[in-house]
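# Summary of structural features
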Amino acid sequence: MVLLHVLFEHAVGYALLALKEVEEISLLLPQVEECVLNLGKFHNIVRLVAFCPFSSSQVALENANAVSEGVVHEDLRLLLETHLPSKKKKVLLGVGDPKIGAAIQEELGYNCQTGGVIAEILRGVRLHFHNLVKGLTDLSACKAQLGLGHSYSRAKVKFNVNRVDNMIIQSISLLDQLDKDINTFSMRVREWYGYHFPELVKIINDNATYCRLAQFIGNRRELNEEKLEKLEELTMDAAKAKAILDASRSSMGMDISAIDLINIESFSSRVVSLSEYRQSLHTYLRSKMSQVAPSLSALIGEAVGARLIAHAGSLTNLAKYPASTVQILGAEKALFRALKTRGNTPKYGLIFHSTFIGRAAAKNKGRISRYLANKCSIASRIDCFSEVPTSVFGEKLREQVEERLSFYETGEIPRKNLDVMKEAMVQAEEAAAEITRKLEKQEKKRLKKEKKRLAAIALASSENSSSTLEECEETSERPKKKKKQKPQEAPQENGMEDPSVSSKPKKKKSFPKEELVSDLEETAGSGSLTKRKKSFPKEEPDSDPEESGNKRVPKKKRKFSAKEEPLSSGPEEAAASKNSSSKKKKKLRKLSQEN
C-alpha cells in the first residue's frame, strides 16, 4: 500500500500532511469535494505529520523564491528527509506545482504527483490550514500572506533607478506627439497670418521661425529699417531679413484689426513655447539614452534607438528579439500583408530612419539593413546585461557598419569581428574602471555631505535641548520670586494698606547720618548739664530741672523712637507720644521739687 503525503507551502512555513484511506480517496473524487468544505469530515481524511515554520520574513521570501523557480530549499529538504519514510518507493508525495515536484523527484528520489485528487486536498488544506496547525489563527495567517506577497512583489519588481527604460518610452512618445502638434499649429498660424502678410510664407520655411516672426512683426505697416537688426537675429540671414522688409512694403495682404493681431500673437507665442519645450525634451531623451542604452544610441542614434525600445516594450524585450525581428520591427502590417498576398516581405522597419540605409545604394539597402539589425541586437544585449554600460561597444559596432558600407561601395575588405571585439573589450574595461572610480568619488562626497548634515542636526538638537533646559530652570525660579513678593503685593491688590508694613521703609529712609550725629551731641550736652546740676544744686532750682528735663526728653524720645517708632506711624501715635512726653515732664518737676 502506497503512503500518500501532501506538501503544502504557506507564508508561515511548510506543512507535511498524510492522507488516510488512499485507495478509497482515489476512487471517490466527488466525495472528496464534499468533504473539503466540512472541517470534521476533512479531519477524518487528513492529519498533520510535520510543520516547519519560517524563522523570519527574509527566510520566507527566500523559500518563496526557491519554490517559484523550482529549486529545493535547504529547509524543505530537511523537512522531507526527516519526516518522510525511508523507503522511498512506498511514498507518493503530492505537490501543487509541477516544477517543484520535478525538482524533488530529481534531487531526493520521491515520486511526486500533481492535479486530480491532490488539487482538491490542497484546496481543503488551504481552507482549514489555521485549524490544522495549533497556535495559528486565521488573522495571523492572513497577515503573513499579505506581508510575504508584498515583499515577493517588491523583489520581483526591483530595478535600477538610473536605468529605467519607461521614461525613454514616454519621452519618445511625447516627442512624436509634439512634432505632430507643432506642425498642425504652425500650419494654422501660417494660414491665419497669411491673410495679412502672405509673402512671408514663401520667404520663411521653418515653422518655429515663422511663428517668432509673426509674433515680432505684428502689423506689417509698422515694420521699418529700425527693426531690420532684430529681423536678422531671428532669421539668422541678412538677405532674408531684407527680403521680408521689402515684401512688407509692397504686400498684397489685407488690413487686420488690433484684436485679431493680439490673438495671432498669443497663439504664435504658444507655438514658440511648444517648440522650445520640444528641444528641451530632446536633450533630456539624449541624456537618458546615454545612461540606459549607450551602445545602442552610439550605433543607431538616440531617436531611432528610443523608438525601437518603445516598440519592443522594454530594453529587455528588445534584447530578447532576434536580428530578423529587429530588422522588420515597425513594419508588421506590411509583413502580414505580404504573407497574405504572397508578395515581397519588407526589408526594414524602424531602422530605415538611421543614416546608414539612406546612404546605401538601392541594391544594397536590404543587405545593409540586415547587417545593421544584427549589430543593433548585439548592442541592445550588451546594454541590457552589462553591469557598467559604456558606449565603447556601440562606437566599435558603428565603425563596423561604416566599413561594411565602404565595402559595398569600394570593395575594401573590413576587419574581422573578433579583432574588433578584442579591442572593444580592452577599452571597455578601462572605461568601466574609470566610471567606477567616478562613482566611488561621488559616493564619498555624498557620505561626507551626509555626515556634515547629521552633525549639524545633532548640534542643533543639542542646542535646542540646552535652551529648553535653561528655559525650564528659569520657569522653576520665577515662581519662587513671586512667592517672596506676594505678602507685599497682596494688600495693594485688595486696596488696603497695612500701616505697620508701610511705615518700615518710611522710617528707614527718615534717619540719615546727620540726625544721628545731632542725637549724640544732644546726649553729650545733657550729660554736662547733669554734672553742673550736681555741683550747683541750690542755684536756680526751678529753671534747671526744666531745662534738664527739656534736654533729657529728646534723648529719651530718640531712644523710644528708635526702638518703637518703626512699628508705628500716623496721627494717633503722634498724639500718644505727646502725652507720654508731658507725663514725663510732670514726673521730672515732682522730683526736682522733692530735691
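Residues numbered from 1 in each chain as written. Predicted model: local features only at pLDDT ≥ 70, side-chain atom pairs only at ≥ 80, totals over all residues. Heavy atoms only, no water.

### Quick notes on the overall build of the chain
Selection rule: Secondary structure is summarised from DSSP: a helix means a run of H or I of at least four residues, a strand means a run of E of at least two, and numbering begins at the N terminus for each. Buried means the residue's accessible area, taken with a 1.4 Å probe over protein chains only, is under 20% of the maximum for its type, while exposed means over 50%, and partly exposed covers the values in between. The contact rule is simple, with two residues in contact once any of their heavy atoms fall within 4.5 Å. The accessible surface values rely on the Shrake-Rupley method and a 1.4 Å probe; as for residues, cover is taken only from the protein chains in view.
Scanning the chain from N- to C-terminus turns up 27 helices and five strands. By residue count, 32% of the 595 residues in the chain fall in the buried class. Within the chain, contacts between residues separated by at least 24 positions form 68% of all contacts whose residues are at least 6 apart in sequence. A total accessible area of about 38,200 Å² is found for the chain, and carbon and sulfur atoms account for 54% of it.

### Focus on the sheet that holds strand β2 (residues 13–19)
In plain terms, the rule: Whether two strands pair comes down to DSSP finding at least two bridges between them. In this analysis an axis means a line fitted to C-alpha atoms, helices contributing only their contacting stretch, and an angle means the value between N-to-C directions, from 0 to 180 degrees.
Here we have five strands laid out as an open sheet, ordered β3-β2-β1-β4-β5, and mixed in their pairing. Each of the sheet's edge strands pairs with one partner strand only, and the pair in question is β3 (46–53) and β5 (111–113). Direction aside, neighbouring strands of the sheet carry axes that sit 25° apart on average. Packed on one face of the sheet, helix α6 (residues 98–107) meets β1 (3–9), β4 (91–94) and β5 and runs near 170° to β5.

### What to know about the pattern of salt bridges
Heads up, the rule is: For salt bridges, the criterion is a side-chain nitrogen of Lys or Arg within 4 Å of an Asp or Glu carboxyl oxygen.
According to the stated counting rule, one finds 17 salt bridges in the structure shown. For the salt bridge of D255 with R221, the shortest nitrogen-to-oxygen distance reads 2.8 Å. Of this pair, D255 sits in the loop between α13 (238–249) and α14 (258–292) while R221 sits in the loop between α11 (207–217) and α12 (228–235), and the two are 34 residues apart along the sequence. Its salt-bridge partner being E403, residue R415 comes within 2.9 Å of it at the nearest N-O pair. Here R415 is found in the loop between α22 (392–410) and α23 (417–494), whereas its partner E403 is found in helix α22, with twelve residues between them in sequence.

### Side note on the UniProt feature "coiled-coil region" (unreviewed entry) in the chain
Cut-off, in case you're wondering: UniProt positions are given in the numbering used here, feature names are shortened, and annotations may be inferred rather than shown by experiment.
Per the UniProt entry, the sites bearing "coiled-coil region" (unreviewed entry) are residues 418–457 in this numbering. Regarding residues 418–457, the helix share stands at 100% and the strand share at 0%, and the terminal C-alpha atoms are separated by 57 Å.

### Some words on helix α4 (residues 57–69)
Where we set the bar: Here, expected helix span is obtained from the residue count minus one, scaled by 1.5 Å.
Taking 1.5 Å as the rise per residue, α4 with 13 residues should run 18 Å; its terminal C-alpha atoms sit 18 Å apart, in good agreement. Residues of α4 that are buried: V59, A60, L61, N63, N65, A66 and V67. Where α4 terminates, the next one or two residues include G70, which has phi positive at roughly 75°.

### Notes on the environment of N44
Assignment of secondary structure puts N44 in helix α3 (residues 39–45). By relative accessible area, which is 53% here, N44 ends up exposed.

### Thoughts on the pairing of β1
β1 sits mainly inside the fold: five of its seven residues count as buried. Where β1 and β4 come together, four bridges link them in parallel fashion. Paired with L4 across the two strands is L92, which belongs to β4. Where β1 meets β2, five bridges bridge the pair, whose relative direction is antiparallel. Across the sheet, residue F8 finds its bridge partner in β2, namely A15. Counted along the chain from β1 to the antiparallel partner β2, the turn is three residues long.

### Considerations on the packing of α12 against α13
Defined as follows: For classification, angles of less than 35 degrees are called roughly parallel, those exceeding 145 degrees roughly antiparallel, those between 65 and 115 degrees roughly perpendicular, and all remaining angles oblique. Take the far helix as the reference: if the near one is turned anticlockwise from it by less than a right angle, the crossing is left-handed, and if turned clockwise, right-handed. Note that Gly is not counted as nonpolar here; it falls among the polar residues with everything else outside the nonpolar set of Ala, Val, Leu, Ile, Met, Phe, Trp, Tyr, Cys and Pro and the charged set of Asp, Glu, Lys and Arg.
Packing of α12 against α13 leaves a shortest axis separation of 8 Å and a crossing angle of 125°. Taken together, the axis directions place α12 and α13 in an arrangement best described as oblique. In this structure, α12 crosses over α13, and the sense of that crossing is right-handed. Residues L228, L231, E232 and T235 of α12 touch α13, and the partners they reach there are A238, K240, A241, K242, I244 and L245. For the contact of α12 with α13, the residue count by class is six nonpolar, one polar and three charged.

### Observations regarding a nonpolar patch on the surface
Under the convention used in this document: Residues forming no salt bridge and having over 30% relative accessible area are the ones grouped into patches, like charges within 9 Å of each other and nonpolar side chains (Val, Leu, Ile, Met, Phe, Trp, Tyr) within 5 Å.
A grouping of W192, Y195 and M254 is seen on the molecular surface, where their side chains present a nonpolar patch of about 330 Å² in accessible area. Among the secondary structure elements, M254 is positioned in the loop between α13 and α14. Residue M254 is classed as partly exposed on the basis of its relative accessible area of 49%.

### Side note on the confidence of the model for the chain
Heads up, the condition is: Each residue carries a pLDDT score, the predictor's own confidence in it, on a scale running from 0 to 100.
Summary statistics for the chain give a mean pLDDT of 79 and a share of 77% for residues scoring 70 or more. Across residues 479–518, where pLDDT falls below 50, the model places 13 contacts with residues more than four positions away in sequence or in other chains. Across residues 520–570, confidence stays below pLDDT 50; counting only partners more than four residues off in sequence or on other chains, it has 33 contacts.

### Remarks on the packing of aromatic side chains
Our working rule: Only centres within 6.5 Å qualify two rings of Phe, Tyr or Trp (six-membered ring in Trp) as a pair; their planes then separate them into stacked at under 30 degrees, edge-to-face at over 60, and tilted for everything else. Cation placement over rings: the criterion is NZ of Lys or CZ of Arg within 6 Å of the ring centroid and within 35° of the ring normal.
This model, assessed by the stated rule, comprises eight aromatic pairs. Put simply, the rings of F8, F51 and F129 pair up and form one aromatic cluster. The cationic tip of R190 hangs over the ring face of Y210; the distance from NZ or CZ to the ring centre is 4.7 Å. Above the ring of F216, the side-chain terminus of K227 is found at 5.9 Å from the ring centroid.

### Observations regarding the side chain of T209
One can find T209 in helix α11. Setting aside residues no more than four positions away along its own chain, T209 makes contact with I204, L234 and T235.

### With respect to the packing of helix α9 (residues 166–194) against helix α16 (residues 302–312)
At their nearest, the axes of α9 and α16 sit 9 Å apart, and the two run at 115° to each other. Judged by the angle between their axes, α9 and α16 are roughly perpendicular. α16 is crossed by α9, and the crossing has left-handed handedness. In this structure, α9 uses I168, I169, I172 and D176 to contact α16, whose residues at the interface are A303, A306, R307, I309 and A310. Looking at the contact of α9 with α16 residue by residue, the class counts come to seven nonpolar, no polar and two charged.

### Quick word on the environment of A103
Tracing the backbone through its elements, the reader meets A103 in helix α6. Counting along the chain gives 34 residues from A103 to E69, while the straight-line C-alpha distance between them is 10.0 Å. Excluding residues within four positions of it along the chain, A103 makes contact with G70 and V72.

### Brief notes about a positive patch on the surface
Put simply, the test is: In this tally, Lys and Arg are treated as positive and Asp and Glu as negative; His is ignored, and so are the chain termini. Here the site of a charge means NZ on Lys, CZ on Arg, CG on Asp, or CD on Glu.
A cluster of basic residues, R437, K441, K444, K445, K448, K449, K451 and K452, forms a positive patch at the surface. Mapped onto the elements of the fold, K452 is located in helix α23.

### With respect to the nonpolar core
Note on soluble globular proteins: their nonpolar side chains tend to be buried together. Under the convention used in this document: We define a nonpolar core as any set of buried Ala, Val, Leu, Ile, Met, Phe, Trp, Tyr and Cys residues linked to one another through side-chain atoms lying within 4.5 Å.
Counting residues in each nonpolar core, the largest one holds 46 residues, and the members touching the most others are L296, L299, I300, I309, L318 and L372. A total of seven residues in this core trace back to one element, the largest contributor, which is helix α21 (residues 365–385). With residues near it in sequence (within four places) discarded, L372 still touches L299, I300, I351, S354, F356, I357 and V401. One finds A60, V95, A103 and Y110 within the second-largest nonpolar core, a separate group that totals 24 residues.

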